[in-house]
Amino acid sequence: MASPSEGLPLGRTVPPVPAGVEIPPEPPDVGARALSVASRLLAGATTFFFLAFIFAYFYLRSINVEHLWRHGHIDPNQALGGAMIGCVVLSAILAIVSGRQMKAGSRSWPAPAAGAVVLGLAAVALQCIEYTRQHFGPTDGAYASVFCAWTALYLIAVLGTMYWLETQVATELRARREPAPTSGDIGRADELIAPALDATVFYWAFLAAIGVVTYVVLYLL
Amino acid sequence: MTTTAAVPTPQPTGRPLWRRLIGFNLLTAVALGVGGYYLGWFIGHQISAKSLAYQEKTSENDVALLVAYLFGVVGFLIGLGFANYPVSRLLGRPASLREKEEEGIGRYFGLCTDHKVVGMQYLIGIGLFFFIGGVNAMLIRTELLHSTPTFVGPGQYISLVGMHGTMMMGMMTSGILGPFANYFVPIMLGARRMAFPRIEALTFWLLMAAGFILTSTIFFGGFPTGWTGYEPLNDQAVMGMDSYIIFFALVGISMCLLGLNMMATIITMRAPGLTWSRLPIFVWSVLATAVLMVLAAPVLVATLTMAALDRTIDTSFFIPGGGGSSYLFENLFWFFGHPEVYILALPGFGIVLELLPVFTRKPLWGYRLAVSGMLGVTLLSFFVWQHHLFVSGINADLRPFYMLSTEIISIPTGFIFLCAMGTLWKARSSFSVPMLFCLAWVFNFLIGGLSGVFVSDTPSDTSTHGSFFTMAHFHYTIMGGLIFTFFAAIYYWVPKMTGLRFNERLAKLHFWLMFIAFNSTFLPLFAIGMMGQPRRVSQYAPNLHALNTWVSISAFVLGLSMLIFIANTVYSMIFVRLPVAMNPWRSKSIEWQIPTPVPVYNFEQVPVFDSDPYDYGTPIHVGGTRPEPAGA
Ligand code: HEM
Ligand SMILES: [Cu+2]
């Protein structure tokens, strides 16, 4: 008996779309809403990630084991720290402006977005300069540990977000040079630029707010 | 009857073999992974700073190993082709969703964005590491045949326990979401894909890299902390601890992304008519699990980062000598760790409630109650973590709160039980293999839940904590709760995924042997624990020898039952290959209404849902197009 399962050799459990069947393209708002939801969820995950550091800060500060929480000379550089958080906030504002312009139909939105990327990278650079200037290192007690780890991980998050924002600018600029690219699977791919920018701007504004909290806790308290 | 669609034979690719092996595939990934590992090892040894002087004086170099692992993972992912898309986006190329969805067996060995392929990959990959974890359990029980260390030394014993526990906790978090949610959630939603197919593939390959790294701990001396990685032991441990850290951090990232993808998919991609109150209960359980994954896993990653920094650049998060506190680790770990245990339990609830209606031919009793139970568990599980620290010396005033909050969780959990009971009530059930596993869940989880009351109660926890009583408790909930439903899902859905059916007799043999051996293994452990046998120690009082021998023999039979399962899989899926009927369980759920094997795009036309999924009596409507998706 020829087994009817012969039509099912291993590795072909998922057949291709039969010839002649036309797959209607996906409505673009599916991808748009997925991006919007994902950026909110990512913000939630990021919050919980940094919550661990906030918890560590207040926990170690309140128990102050053997008075090793923070020695007198351990002070981060206020000028550089202020400059860095300034860059972050300005960058986020520029991103929001860019998002507004995009929604208003203006074609000039890539300019503020690019400015936001530059400022975000400047913030990263300033923080790195601060590491070389400061008079303490990660081994100088609990505050120093929290400071170094928290700021470094925040920088990584900023770098990732700047990459994300950069891809929006790059996609738009390329789409202007080579109009209406289609990728086949999500219909007109350039329709996704607007929701993607929206999601990025939301996330960056959120991350900047976390940055402000970081600054207040580490520099001002 | 067979419904296998005529599958066109794939076009043989004309290229020679060597040419096909070059490119972004598993082979390249392994090569770049190994290369990255050694590069990282080399670079790690070049890095030195004041605080690293200690490292230089010993043969231990945690910096080198951590950098090596990280570079190895990055190389592995690049080799699979995960860097291509981000780079092309950096250059402004348009977004796309699908990659490498061509024909042939090759897709199963690399990056593929078809959610059905990823589901299969997960099933095999997780199965492999589940097997390794199981072999470790057998070795543990072999050692415990004697009351004094004989087979492995005390240090190796704790490593073995740690590897077993960590592998199981890390891998099985995705045990049901990985294979079955990835495969069936989009179908159940009437969608063609997951919201982020590339991230979906990434979660799988991260997990594989992680499993490999945890296994490699044997080359670096293992780790002495068990799966919980407690400080200060964590900081003092040899390099094998770094494997634990990287493993769990990768699992955390994978888990967080998996949850994020699931939530985005469920929220945004439901087909027209699929309102929240028509969502299959399995999808609800996936949603609840995903919430926990997205919020709890980042805390784990942050905590392990701190631990890694303590071990390398000598920060002092957890080191009292530098102003830190090991309690900080314990708190942060369990802030993740308790939600983690519900990440393991919730998908099991979903499977049981999804399958019971099919086999009882009755609608799910108390759908809304079940949903509120799952959401209640999700919410409460963030407020109980200190029940793991009752006897650690925490402030005694905190204990009543955590005792109460823990015991309150039994209310929403009770809802799930109630719904299962209500569905079973007066039903004329058919006792097919998936149903048997679901019924076993009812039995096992009841014992697990009832014993949980004793460990959550502070006075009784003072004597059960750290004993085999606790060990028995969580095996009843995890193995009895998750693994039994995992097998229920396998017997229920794998026929859909492969188009082939399992040998029924072997399956029944597997079930009965597993069920009896499982209870015979873990029930006596409650008694052994009450009589004072501690966890994680291979030496025990000689008067417990007889019971331990009984338990070990039962455990070996339990292992044997797994071998029967593997034999059945090989026999049924590779040799006999009997095709499965269109809808063997006569389910009303949509995945059984579409052809087997499922076409690449799942549905030629977007389905419209017009009834709830457990409405046994009226046919499900699959067909008519309506392009606009369901409102939120
Ligand atoms: C074949 C079935 C299994 C057997 C015979 C088994 C046996 C054991 C034993 C004897 C221990 C404790 C050893 C000690 O503390 O001295 C242990 C620990 C543990 N097992 Fe299992 N186990 C099995 C399956 C599983 C499964 C399926 C899971 C989870 C998915 C699991 C999770 C754990 C965990 C988390 C620990 C704690 C490790 C630690 O203390 O850090 N086990 N197991
Ligand atoms: Cu807990």
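Colleague: So what's going on with the coordination of the copper ion (ligand 2)? Residues and values would help.
Modeller: Residues and elements named next belong to chain B. Around the copper ion (ligand 2), the protein contributes the donor atoms His338 (ND1), His387 (NE2) and His388 (NE2), at 1.7 to 2.0 Å from the metal centre. Positions of the donor residues of the copper ion (ligand 2) along the chain correspond to the pattern H-x48-H-H. Note that histidine 338 is positioned in helix H13 (residues 326–360) and histidine 388 in the loop between helix H14 (367–380) and helix H15 (399–424), a separation of 50 residues in sequence. The class for histidine 338 is buried, based on a relative accessible area of 6%.

Colleague: Now, about the domain arrangement of chain B: what can you tell me, with residues and values included?
Modeller: When the parts come together, some accessible area is lost, and that loss is often what is quoted as the size of the interface. Residues and elements named next belong to chain B. Per the domain assignment, the segments making up chain B are domain 1 (23–94) and domain 2 (106–592). Taking only C-alpha atoms into account, the centre of domain 1 sits 30 Å from that of domain 2. Taken together, the contacts link 22 residues of domain 1 with 23 residues of domain 2. Both sides together, the interface formed by domain 1 and domain 2 hides about 2,000 Å², and carbon and sulfur atoms give 74% of it. The largest share of the area that domain 1 buries against domain 2 comes from Leu66, Tyr69 and Phe82, three residues that together contribute 30% of it. The tally of links between domain 1 and domain 2 comes to one salt bridge. Note that aspartate 62 and arginine 311 form a salt bridge whose closest N and O atoms lie 2.9 Å from each other.

Colleague: Tell me about the pattern of salt bridges, and name the residues and values.
Modeller: Taken as a whole, this structure holds seven salt bridges over all chains when the rule is applied. With a closest N to O distance of 3.1 Å, lysine 103 of chain A and aspartate 198 of chain A form a salt bridge. In this pair, lysine 103 of chain A sits in helix H2 (residues 78–103) while aspartate 198 of chain A sits in helix H5 (residues 193–220), placing the two residues 95 residues apart along the sequence. One continuous salt-bridge network, built from bridges that share partners, spans Asp62, Asp242 and Arg311 of chain B.

Colleague: Report on the packing of helix H8 (residues 177–189) of chain B against helix H11 (residues 240–268) of chain B, specifying residues and quantitative values.
Modeller: When two helices pack together, their arrangement is captured by the angle between the axes and the distance separating the axes. Residues and elements named next belong to chain B. For the pair H8 and H11, the least separation of the axes is 11 Å and the interaxial angle reads 15°. In this view, H8 runs roughly parallel relative to H11, as classed from their interaxial angle. The crossing of H8 and H11 is left-handed. Along the contact surface, H8 presents Leu177, Gly178, Ala181, Asn182, Val185 and Leu189, while H11 presents Leu258, Met262, Thr265 and Ile266. Taken together, the residues that form the contact of H8 with H11 break down as seven nonpolar, three polar and no charged.

Colleague: Quick rundown of the site of ligand 1? Include the residues and the values.
Modeller: Residues and elements named next belong to chain B. Neighbouring ligand 1 are 27 residues; Tyr157, His164, Trp227, His475 and Arg536 lie closest to it. Side-chain polar atom of histidine 475 to a nitrogen atom of ligand 1: 2.7 Å apart, as the coordinates give it. Looking at the shell around ligand 1, the elements with two or more residues in it are helix H6 (115–143), helix H7 (154–172), helix H18 (468–498) and helix H20 (545–576). For the shell around ligand 1, a count of residues per class yields 20 nonpolar, four polar and three charged.

Colleague: Kindly report on the packing of aromatic side chains, identifying the contributing residues and their values.
Modeller: Residue and element names in this part refer to chain B. A complete count under the given rule lists 79 aromatic pairs over all chains for this structure. The interplanar angle of 45° and the centroid separation of 6.1 Å between the aromatic rings of phenylalanine 317 and phenylalanine 318 together place this pair among those described as tilted. Of the two residues examined, phenylalanine 317 and phenylalanine 318, each falls in the buried class. Lying across the ring of tyrosine 85, arginine 198 places its NZ or CZ 3.5 Å from the centre. Over the ring of tryptophan 276 we find arginine 270; its NZ or CZ atom is 4.0 Å from the centre of that ring.

Rules and cut-offs
Residues numbered from 1 in each chain as written. Chains lettered and ligands numbered in written order. Predicted model: local features only at pLDDT ≥ 70, side-chain atom pairs only at ≥ 80, totals over all residues. Heavy atoms only, no water. Donors = N, O, S within 2.8 Å, 3.2 Å for Na, K, Ca; no water. Helix = DSSP H or I, 4+ residues; strand = E, 2+ residues; numbered from the N terminus. Buried < 20%, exposed > 50% of the residue type's maximum accessible area, 1.4 Å probe, protein only. Domains from an automatic or database assignment. Contact = heavy atoms within 4.5 Å. Buried area = accessible area lost by both parts, 1.4 Å probe. Salt bridge = Lys/Arg side-chain N within 4 Å of Asp/Glu carboxyl O. Axes fitted to C-alpha atoms, helices over the stretch in contact; angles between N-to-C directions. Parallel < 35°, antiparallel > 145°, perpendicular 65-115°, else oblique. Left-handed = near helix turned anticlockwise from the far one by under 90°. Nonpolar A, V, L, I, M, F, W, Y, C, P; charged D, E, K, R; others polar. Near = heavy atom within 4 Å. Polar contact = N/O pair within 3.5 Å; in protein donor to acceptor, adjacent residues only side chain to side chain. Phe/Tyr/Trp six-rings, centres within 6.5 Å; stacked < 30°, edge-to-face > 60°. Lys NZ or Arg CZ within 6 Å of the ring centre and 35° of its normal.

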